[in-house]
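Below, each chain spelled out in residue letters.
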2 protein chains.
Amino acid sequence: MASAELYSQTLDLSEGSGSAGHTEVRIGAGVLSKAGELLGDWVQGRTLFILSTPNLRRLHGATLDPVRAAARRVVELETVDGEAAKTTGEAAILWERMLAAGGKRDSRLLSFGGGSVSDLGGFVAGTFLRGIACVHCPTTLLAQVDAALGGKTGVDLSGGKNTVGLFLHPDWVLSDTLVLATLPLDELRSGLMEAVKMAYLLDPPGLERIEATLPDLLAGRADALAPVVAAATATKLSVVAADPREGNRRRLLNFGHTLGHAIEGVLGYEDLRHGDAIAYGMLFALTLGEGRGLPAADADRLRQLLGRAGLPALPSLDAADLLAYVGRDKKATEGGVTWVLPRRLGEGEMVLLSDLSSLRPAIERFLADPWGHLAG
Amino acid sequence: MASAELYSQTLDLSEGSGSAGHTEVRIGAGVLSKAGELLGDWVQGRTLFILSTPNLRRLHGATLDPVRAAARRVVELETVDGEAAKTTGEAAILWERMLAAGGKRDSRLLSFGGGSVSDLGGFVAGTFLRGIACVHCPTTLLAQVDAALGGKTGVDLSGGKNTVGLFLHPDWVLSDTLVLATLPLDELRSGLMEAVKMAYLLDPPGLERIEATLPDLLAGRADALAPVVAAATATKLSVVAADPREGNRRRLLNFGHTLGHAIEGVLGYEDLRHGDAIAYGMLFALTLGEGRGLPAADADRLRQLLGRAGLPALPSLDAADLLAYVGRDKKATEGGVTWVLPRRLGEGEMVLLSDLSSLRPAIERFLADPWGHLAG
């Protein structure tokens, strides 16, 4: 462990960004073994809330013991696994629990779990007593490359995902790729899709690394995963730093997400994991991109990588349902829906489509054959 | 109306404040008759959510018709009167309603009501789709001089007031003193206590104006109220500008609030209005201040003004209950509770008291005789 490479990255949004904050990120195989040292000052003399799930606590909870030892006192908070954690009801339970446990404005919250745990934990931290500081220790690949970075927090309403939340930059993010070894293959593949999403539009060398090490990544090898997580982190933080409140450039990170969210929503967040839904969203964006000049070779390169990753089949879906959902997307504005489309490998563009119904034939073709001409 | 004086003030927190925002405030008798003009650009082409209560809509709702006419479409939202509006459950109902009504990131929310409506409305706006812009049109004196200003939003948990929330600066605050004429005397007096609180520590000329015009203020005369609201607004915004996230100086605004919140909390937010509870909190702070050198003449000057205002009697309370509540105050930190104490008229200080139990005799004396030696 001691010899494993440790990657350090920093997000600093201090001036006039509309979303000020400073996040120190440490990535590597075994980084949690250093958490007591890294977070010692941060928790000293404080009440520390640790939000996790029973499963994670059982599997990896002891790795946080040095952090626990450094705090004045520790209050363990629990939520459930997966998207079911992200409800306003779960948030209310945590707020009440934290208040009853004597939480103060200078208390701290550490989230230890996947993206749903950091999304819920960040939202609860950002609103408890009008905001206490938080740290995320993401335990899924999805959370390490995406969800725990960039300050977005939120919970879901019945009508849509992440529809209640705020921007809160964690003080630290500690991404230990060792804990990823216990993830099932499906979970690793789903998380990897977010790394692919960023690499395809923003980091072609990173895409090459994913292509070259795909079997090791899907096998959960910590040493192979660390540089991929580090590259995705660097990409995401650079975009966030340029556009912390998602005015424009940050929207590039939504590649695949407009239709992907609709697929998830129409399926009731069942039958398909988030990353897999986003992968299908990227496949659809490729077809729209090709209609606007995306070279076929660039489109096929992504199709091939997604094909090698072994996505589960797309469940049966109705184009009208998807379109209705897209229209309610929280990124929609009064003027229409902005799609992120690839122009070529390493370059994306935002395209505002005001007439959603015109997309119906393209969605129908996509549902009939998601892989486009590769499948032909 | 057209000839009534209109006061303009601006809060600009653009750089590195940890709570960026820009608020334009307009104060005066009849300012809402100009709202269509002032907010026309702000709502143009947008979905406008108007949050109010049935009572307010009946009494004054039509004054907003020009704003309604300027929006692309209007969705009316309702909550209940008073503190009962400030629950996580009410927030959840509004979030769901806004999403179902097709709210977007560029939608707008206007709160039209007292402090509970702007607190709830600001919280819901700040978290819906991770934040939409909002405007407050406060309709109580309390909200005009305090609650709607400075960006604090929040709802209550069973264990404490304003324990869930965030900082969100409204784009506009329109304070029309004409609508105050329909308030009952008790409500005017309670609101005036917050203006007294600010004037006593931060604006001695403002205190003189309140002393000189007290009967007109308690009678709800719009022209007398306008300069008092304007002075309180100027004081509050200057403190907020210096310290947007309540690190230190902003805490001066908590004069009277540490014991005042405890009085309200122990009484279950019944039997005493917020401003009246804060007035009793100030009376208690005067006794602590006198023990540290506050001149008796300065203390008595405030006691006399509060006496003239006609506070209702303090209900029977237990010192131990109050102390337990103070210890759970959200402004408490691990190191103790910070009290705002007057040093002399126009000057306050923050005093950290780590040993709360030492206050018990002082609280018992206060409960036995809240008016101190004035009553002797």
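Here, every reference points to the structure presented above.
What counts and how
- Residues numbered from 1 in each chain as written.
- Chains lettered and ligands numbered in written order.
- Predicted model: local features only at pLDDT ≥ 70, side-chain atom pairs only at ≥ 80, totals over all residues.
- Heavy atoms only, no water.
- Core = buried A, V, L, I, M, F, W, Y, C linked by side-chain atoms within 4.5 Å.
- Buried < 20%, exposed > 50% of the residue type's maximum accessible area, 1.4 Å probe, protein only.
- Contact = heavy atoms within 4.5 Å.
- Helix = DSSP H or I, 4+ residues; strand = E, 2+ residues; numbered from the N terminus.
- Buried area = accessible area lost by both parts, 1.4 Å probe.
- Salt bridge = Lys/Arg side-chain N within 4 Å of Asp/Glu carboxyl O.
- Polar contact = N/O pair within 3.5 Å; in protein donor to acceptor, adjacent residues only side chain to side chain.
- Nonpolar A, V, L, I, M, F, W, Y, C, P; charged D, E, K, R; others polar.
- Axes fitted to C-alpha atoms, helices over the stretch in contact; angles between N-to-C directions.
- Parallel < 35°, antiparallel > 145°, perpendicular 65-115°, else oblique.
- Left-handed = near helix turned anticlockwise from the far one by under 90°.
- Pairing = 2+ DSSP bridges.
- Right-handed = clockwise from strand over helix to strand, strands pointing away.

Side note on the nonpolar core
Now for step 1: Ranked by size, the top nonpolar core spans 99 residues in total, and within it Leu110(B), Leu192(B), Val196(B), Ile210(B), Ile263(B) and Trp339(B) carry the most contacts.
Now for step 2: When neighbours within four sequence positions are excluded, Ile263(B) is seen to be in contact with Leu272(B), Ala277(B), Tyr280(B), Leu314(B), Leu317(B) and Leu322(B).
Now for step 3: In terms of nonpolar packing, the next biggest core, distinct from the first, is built from 98 residues, Ile27(A), Leu56(A), Leu207(A) and Tyr280(A) among them.

As for the environment of Phe49(A)
All names here are of chain A.
Now for step 1: Tracing the chain through its elements places Phe-49 in strand S3 (residues 47-52).
Now for step 2: For Phe-49, a relative accessible area of 0% translates into the label buried.
Now for step 3: Contact partners of Phe-49, with chain neighbours within four places excluded, come to Val-75, Leu-77, Met-98, Ala-101, Gly-103, Ser-107, Arg-108, Leu-109 and Leu-110.

Some words on the interface of chain A and chain B
Now for step 1: Contact residues are listed per partner, giving 46 residues for chain A and 46 residues for chain B.
Now for step 2: Taking both partners together, chain A and chain B bury about 3800 Å²; carbon and sulfur atoms supply 52% of that area.
Now for step 3: The interface formed by chain A and chain B contains 0 salt bridges.
Now for step 4: On inspection of chain A and its partner chain B, the count reaches 10 residue pairs in polar contact (both at pLDDT 80 or more).
Now for step 5: Every element with two or more residues in the side of chain A that touches chain B is listed here: helix H5 (88-100), helix H6 (115-127) and strand S8 (160-164) of chain A.
Now for step 6: Take the side of chain A that touches chain B: its biggest share by element is 5 residues, from H5(A).
Now for step 7: Along the lines of polarity and charge, the residues of the side of chain A that touches chain B split into 12 nonpolar, 19 polar and 15 charged.

Concerning the packing of helix H12 (residues 274-290) of chain A against helix H13 (residues 296-309) of chain A
Residues and elements named next belong to chain A.
Now for step 1: For the pair H12 and H13, interaxial distance at closest approach is 10 Å and the crossing angle is 165 degrees. Put simply, H12 runs roughly antiparallel to H13. When the axes of H12 and H13 are compared, the crossing they make is left-handed. On the side of H12, the interface is formed by Ala-279, Met-282, Leu-283, Leu-286, Thr-287 and Glu-290, while H13 contributes Ala-296, Ala-299, Leu-302, Arg-303 and Leu-306.
Now for step 2: Of the residues in the contact of H12 with H13, the class split is 8 nonpolar, 1 polar and 2 charged.

Let's talk about the side chain of His257(B)
All names here are of chain B.
Now for step 1: Among the structural elements, His-257 can be located in helix H11 (residues 257-266).
Now for step 2: Overall, His-257 belongs to the buried group, its relative accessible area being 6%.
Now for step 3: At a separation of 3.1 Å, a polar atom in the side chain of His-257 contacts the side chain of Glu-194.
Now for step 4: Among the polar contacts made by the side chain of His-257, one reaches the main-chain carbonyl oxygen of Phe-255 at a distance of 3.1 Å.

With respect to the pairing of strand S6 (residues 133-138) of chain A
Within a regular strand, the side chains alternate between the two sheet faces.
All names here are of chain A.
Now for step 1: In terms of burial, S6 is largely enclosed, as 6 of its 6 residues are buried.
Now for step 2: Of the pairings in the sheet, the one linking strand S5 (residues 108-113) to S6 comprises 6 bridges and is parallel in character. When the bridges of S6 are listed, Arg-108 appears paired with Ala-133.
Now for step 3: Considered for its hand, the β-α-β crossover made up of S5, H6 and S6 is right-handed.
Now for step 4: Note that S6 and strand S9 (residues 172-176) share 2 bridges and pair parallel. Looking at the pairing, His-136 lines up with Val-173 of S9.

Considerations on the sheet that holds S3(A)
Residue and element names in this part refer to chain A.
Now for step 1: Ordered in space as S1-S2-S9-S6-S5-S3-S4, the 7 strands form an open sheet in which the pairing is mixed. Of all the strands in the sheet, just strand S1 (6-13) and strand S4 (73-78) have a single pairing partner and so form its edges. Adjacent strand axes in the sheet meet at a mean angle of 15 degrees when their direction is disregarded.
Now for step 2: Two strands pair when backbone bridges link them, and S1 and strand S2 (residues 21-28) are joined in this way by 8 bridges, in the antiparallel orientation. Following the sheet pairing, Thr-10 is matched in S2 by Glu-24.
Now for step 3: Sheet strands in contact with H5 are S3, S4 and S5, and its direction is about 160 degrees off that of S4.
Now for step 4: Taken strand by strand, helix H10 (residues 222-242) contacts S1, S2 and S9, and its axis lies near 10 degrees from that of S1.

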